[in-house]
Amino acid sequence: MQFWIIQGLNSLSLGGLLFLLSSGFSLIFGLMRLANLTHGAFFMLGTYLGAVALRTYSGLNIWVTAIGAGIIVAALGGLFERLVLTRLKTNPLGQVLVTLGMSFIISDACLVLWGGDSIPVPTPHNLQVPTRLFGFVFPTYRLVLVGVAITAAIALYFLIDRTRLGAMIRAGVDDRQMARAVGIPVSRLFTIVFCLGAGIAGAGGVLGGPILSAYPGLDADMLPLALIVVILGGIGSLFGAFIGSFIIGFIYTFGTALFPELAYIILFLPMIIVIAFRPQGLFGRVSA
Amino acid sequence: MTISRRQFVSSLAGAGVATMASPNLAFAQNSGPIRIGLLAAKTGPLASGGIDMELALTMFMKERDYTLAGRKVDLIVADTAGVPATARTKAQELVEKNDVHCIIGPLAAFEALAIADYLTEKQVPTLGVAAAEDMTQRHPSPWFVRLTSTSAQCAYPLADYAAKELKYKKIVTIADDFAYGHEMCAGFQRAFEDNGGKIIQKIFTPLATPDYGSYVAQVKNADAIFLGTAGSNGFRFLRQFIEYGLKDKMAVIGGMTALDESVLRNMGDEASGIVTTSWYSAELDNPLNKAFAPAFRKQFKYDPGYYAASTYLSGEVLEGALKTIKADAENKKALMAAIRSNDVETIRGLVKFDEFGNAVGDVYIRKVTRSDGRLVNSVIKTYPDVSQFWTYDKTEFLKGPVYSRDYPPAKNLEL
């Protein structure tokens, strides 16, 4: 029984982490039809910024740090979109390659700046004591992370579904040409969404830090996860990304616990099955 | 720089003897610098170790004013990026373009294996760091020596210590799912179970594991957990292990890279008390290390660990051999013979080589303690002259297959 409860909570916390990682990717992919391969690097940059900030200023609060890192990464993302991606807008393949190149630049810059050692992101003091419930022990921070992910999901839902900006984004996702025709400034929207996506990744990087630590290669470990979640959940659908994150969280956690030999493929199996039978993903609005 | 009279005389003498020893060699060829190639991963996920390898070897050369056995030295550093194919290209470049006399490195087993055949074919003396067992067991090369340890060599003494002194009965092992982790856990298991202990669970995690939570939650109840990890993965696992409150329930012990000095410098008090094993510690109390470790710390602001020590050690062994052959590095056979036959006092203690070219030397059981405000690996016991075959019979040992995930078979797993 304890096994199922602990691994269930593990699945939820991993799902929360995956949502913070992949929601930004989903937003960008949905609107811009761009597989932003820099996303893992944005996430890693966030983790490093958080690790360094929290180590240097011990009084700093992780939530404030996450917002700060989110803003920095968002600004960087905005610059990248304005200065590089827009120039390549007629060349989608070129755009993807450029995002891949950018991810190499960021990861090498992190290596030069912060060295090759893993740097831990300290767990907030008040959350360091494990939670004890009915005789089992679970890290409090992971529980809080689930709450944070759900809060972020609700906030994003309101942004997309209830605001004017959200309505424009939805219009852009559904039919870009038509949106342009009715006067929606699609290219400015691109920049905003790219900033937003990058910012969520940066903030998510900080919040994932206490579980993951900052280390060279974090970007390459995270990027496939974002891709899997988004492909499974459906392109352009935040709800899909949300459900996809938790599905992957459960499959990964129980898969590696029950069938450790399958650890390498356990993440890809559900994705392949979904692609085979439902190419647009579980909740996709458009096909890839 | 100026050349002192003694250096001048000794280099003349060296050249003279060398010319006598191999009369076909032109004098001019012999008077240039000795070219030493270092293969180190300075970028990519292994960069932390690779950078330390370069720093320490450069420091070694600077201390000697880039002169070994009276002859100038050119150190050529090539970045393998931790990729086997790149390691192969760079090795070829060092041999064919730079015409190096010997090679030090590389760090990872898969890099070393990718270049082993080439270097043997080209007859380049290689001072290795990588730990793959078979490089000095079932497939040794006359041109390869290893100054550090095989994957399992340092694990045997720890298994012995865990069974006899710590009186552990049941242990869980966890390691990265590749040859290094398999081999180390296999060796640990063999020695521990031969001493009456039981390995009740073996966990191998993929190199890219996003979340260790699901693995931590699987760990069965035992006296201790053995970390056969290297670099960031073990460190990340350990943090989750502590977060789940398991450190209060069972002890943690580790292999030669699990709590390396490079990992310790990013840890806090949670690491205190963990017992690990290695052929080196920055705290070693011998005159050479008493000079090296503080000097390294003074220059780079952290303690040297496995990787830094490995290349400094390579420098020491190489210098010893060059002195024996009077700096005649062109005579590769003599150089290799001298490397293998010399017993050299180094920062890790006295190093000898067995007939397969693997180091026989002291292995240290260490405990993480705090000293001058930083975490260090204090030596608590020394196992003298540990061989890669431990106490097993060499012939019998080599008859068996190489260690792997499933060999030797684990008979005491709890389901």
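The structure displayed is predicted, hence computed values, not measured ones. (Residues numbered from 1 in each chain as written. Chains lettered and ligands numbered in written order. Predicted model: local features only at pLDDT ≥ 70, side-chain atom pairs only at ≥ 80, totals over all residues. Heavy atoms only, no water.)

A.B. asks: What is the right way to look at the overall build of chain B in this model?
C.D. replies: Each helix and strand in chain B was counted, giving 14 helices and 15 strands. Against the compact-globule benchmark of 22 Å for 415 residues, chain B has a radius of gyration of 22 Å, which places it among compact chains. By its C-alpha atoms, chain B is 70 × 50 × 35 Å across when sized along the principal axes. Residue burial in chain B is summarised as follows: out of 415 residues, 59% are buried. The positive charge centre, built from 47 side chains, and the negative charge centre, built from 47, are 2 Å apart in chain B. (Helix = DSSP H or I, 4+ residues; strand = E, 2+ residues; numbered from the N terminus. Rg over C-alpha atoms; globule rule 2.2 N^0.38 Å. Buried < 20%, exposed > 50% of the residue type's maximum accessible area, 1.4 Å probe, protein only. Lys, Arg positive; Asp, Glu negative; His and termini not counted. Charge placed at Lys NZ, Arg CZ, Asp CG, Glu CD.)

A.B. asks: Would you mind showing me how to read the side chain of D52 of chain B here?
C.D. replies: Residue placement: D52 of chain B occurs in helix α3 (residues 47–63). Non-local contacts of D52 of chain B, meaning those with residues more than four positions away in its chain, are made with R265, Y302, Y307, A308 and T311 of chain B. (Contact = heavy atoms within 4.5 Å.)

A.B. asks: I'm lost on the nonpolar core in this one. Help?
C.D. replies: For soluble globular proteins, nonpolar side chains are generally found buried alongside one another. Ranked by size, the top nonpolar core spans 113 residues in total, and within it I225 and F237 of chain B carry the most contacts. In terms of residues, this core owes the most to one element, helix α1 (residues 2–32) of chain A, which gives 14 residues. Among all residues touching I225 of chain B, those that are not within four sequence positions of it are V172, I174, V219, F237, F241, M250, A251, V252 and I253 of chain B. Ranked by size, the runner-up nonpolar core spans 90 residues in total, among them V129, A155, F296 and M336 of chain B. (Core = buried A, V, L, I, M, F, W, Y, C linked by side-chain atoms within 4.5 Å.)

A.B. asks: Explain a nonpolar patch on the surface to me, please; I cannot follow it from the model alone.
C.D. replies: Judged by side-chain polarity, W4, L258, F259, L262, Y264, I265 and L269 of chain A come together as a nonpolar surface patch covering roughly 670 Å² of accessible area. By the element assignment, F259 of chain A lies in the loop between α10 (238–258) and α11 (268–277). (Patch = residues over 30% accessible without salt bridge, like charges linked within 9 Å, V, L, I, M, F, W, Y side chains within 5 Å. Areas by Shrake-Rupley, 256 points an atom, 1.4 Å probe, with all protein chains shown as cover. Salt bridge = Lys/Arg side-chain N within 4 Å of Asp/Glu carboxyl O.)

A.B. asks: Which parts of the structure should I look at to understand the packing of aromatic side chains?
C.D. replies: Two measures describe an aromatic ring pair: the distance that separates the ring centres and the angle between the ring planes. As enumerated under the stated definition, the model contains 34 aromatic pairs over all chains in all. A ring pair is formed by F242 of chain A and F246 of chain A, whose centres lie 5.1 Å apart and whose planes are at 65°; its orientation type is edge-to-face. Of this pair, F242 of chain A and F246 of chain A both sit in helix α10, four residues apart, which is roughly one turn of that helix. Comparing F242 of chain A with F246 of chain A, the two get one shared label, buried. Plain terms: the ring middles of F296 of chain B and F300 of chain B are 4.7 Å apart, the flat faces sit at 55° to each other, and that makes the pair tilted. One end of the pair is F296 of chain B and the other is F300 of chain B, both in helix α11 (residues 287–300) and four residues apart, which spans about a single turn. (Phe/Tyr/Trp six-rings, centres within 6.5 Å; stacked < 30°, edge-to-face > 60°.)

A.B. asks: Would you mind showing me how to read the packing of helix α8 (residues 186–212) of chain A against helix α9 (residues 232–243) of chain B here?
C.D. replies: Two quantities define a packed helix pair, namely the angle between the helix axes and the distance between the axes. Put simply, α8 of chain A and α9 of chain B touch, their axes get as near as 9 Å, and they point 85° apart. Looking at the two axes, α8 of chain A sits roughly perpendicular to α9 of chain B. Taking contact as the criterion, the partners of G209, P210, I211 and L212 of chain A in α8 of chain A are, on α9 of chain B, R236, R239 and Q240 of chain B. Each residue belonging to the contact of α8 of chain A with α9 of chain B can be placed in one class, and the counts come to three nonpolar, two polar and two charged. (Axes fitted to C-alpha atoms, helices over the stretch in contact; angles between N-to-C directions. Parallel < 35°, antiparallel > 145°, perpendicular 65-115°, else oblique. Nonpolar A, V, L, I, M, F, W, Y, C, P; charged D, E, K, R; others polar.)

A.B. asks: Help me understand the interface of chain A and chain B in this model?
C.D. replies: Many authors give the size of an interface as the accessible area that is lost as the parts come together. Facing the 34 residues of chain A at the interface are 29 residues of chain B. Three residues, D117, Y252 and Y264 of chain A, lead the burial of chain A against chain B; their summed loss comes to 18% of the area buried on that side. At the surface where chain A touches chain B, the tally comes to two salt bridges. For D211 of chain B, the salt bridge is made with R142 of chain A, and the minimal N-O distance between the two is 2.8 Å. For the interface between chain A and chain B, the tally reads 19 residue pairs in polar contact (both at pLDDT 80 or more). Broken down by secondary-structure element, the contributors of at least two residues to the side of chain A that touches chain B are α1, β2 (136–138), α8, α9 (218–233) and α10 of chain A. Considered class by class, the residues forming the side of chain A that touches chain B number 21 nonpolar, nine polar and four charged. (Buried area = accessible area lost by both parts, 1.4 Å probe. Polar contact = N/O pair within 3.5 Å; in protein donor to acceptor, adjacent residues only side chain to side chain.)

A.B. asks: Even after reading the chapter, I still don't get the environment of S151 of chain B, so can you show me in this structure?
C.D. replies: All names here are of chain B. Of note, S151 is situated in the loop between β6 (144–146) and α6 (155–164). Taking the relative accessible area as the measure of exposure, S151 reaches 1% and is therefore buried. For S151 and A186, which are 35 residues apart along the polypeptide, the C-alpha to C-alpha distance reads 9.4 Å. Not counting chain neighbours up to four residues away, the residues in contact with S151 comprise A131, A132, E133, Y180, E183, M184 and M256. Of the polar contacts made by the side chain of S151, one reaches the side chain of E183; its length is 2.7 Å.

A.B. asks: What am I meant to see in α11 of chain A here?
C.D. replies: Residues and elements named next belong to chain A. Regarding α11, the residues found buried are P270, M271 and V274. Down the axis, α11 shows its buried residues gathered within 100° of arc, on one side only. Opposite the buried face of α11, by more than 90 degrees, sit the exposed residues I272 and A276. Those residues of α11 hidden inside the fold are in contact with α9 and α10. (Arc of directions from axis to C-beta.)

A.B. asks: How do you make sense of the sheet that holds strand β4 (residues 102–104) of chain B when you look at a structure like this?
C.D. replies: Within a beta sheet, neighbouring strands are joined by backbone hydrogen bonds and run either parallel or antiparallel to one another. Residue and element names in this part refer to chain B. The strand order across the open sheet built from six strands is β2-β3-β1-β4-β5-β6, with neighbouring strands paired in mixed fashion. Edge positions in the sheet fall to β2 (67–68) and β6, since each has one partner strand and no second. In terms of strand pairing, strand β5 (residues 126–128) meets β6 through three bridges, oriented parallel. Each bridged residue has a counterpart across the sheet, and for T126 the counterpart in β6 is F144. (Pairing = 2+ DSSP bridges.)

A.B. asks: Would you explain unusual backbone geometry in this entry?
C.D. replies: For residues that are not glycine, phi is negative in most cases, and the peptide bond is trans in most cases. Residue and element names in this part refer to chain B. Across the junction of G105 and P106, the peptide omega takes the value -10°, indicating a cis bond. Mapped onto the secondary structure, P106 falls in the loop between β4 and α5 (109–121). A cis geometry characterises the amide bond from Y407 onward to P408, with omega recorded as -5°. Among the structural elements, P408 can be located in the segment after α14 (394–399). At D372, a residue that is not glycine, the phi angle is positive and equals roughly 50°. Looking at the element boundaries, D372 is found in the loop between β14 (359–371) and β15 (374–386). Take D372: its relative accessible area is 74%, and that puts it in the exposed class. Located in the positive-phi region is W390, a residue other than glycine, with phi close to 55°.

A.B. asks: What am I meant to see in the pairing of strand β13 (residues 349–353) of chain B here?
C.D. replies: A regular strand carries its side chains on alternate faces of the sheet. Residue and element names in this part refer to chain B. In the sheet, strand β12 (residues 344–346) pairs with β13 via three bridges, with the strands oriented antiparallel. Counterpart to V344 in the pairing with β13 is V351. A loop of two residues connects β12 with β13, the two strands running antiparallel in sequence. Pairing of β13 with β14, which is carried by two bridges, proceeds in the antiparallel orientation. Bridging from a neighbouring strand, F353 pairs with A359 of β14. Hairpin connection between β13 and β14: a loop of five residues separates the two successive antiparallel strands, and G357 in this loop has a positive phi of roughly 85°.

A.B. asks: Explain the packing of helix α4 (residues 84–96) of chain B against α5 of chain B to me, please; I cannot follow it from the model alone.
C.D. replies: All names here are of chain B. Running from N to C, α4 and α5 cross one another at 40°; their axes reach a closest spacing of 8 Å. Helix-helix and strand crossings are classified by hand; for α4 and α5 the assignment is right-handed. Contacts between α4 and α5 involve P84, A87, R88, A91, Q92, V95 and E96 on the former and, on the latter, F110, E111, A114, I115, Y118 and L119. Along the lines of polarity and charge, the residues of the contact of α4 with α5 split into nine nonpolar, one polar and three charged. (Left-handed = near helix turned anticlockwise from the far one by under 90°.)

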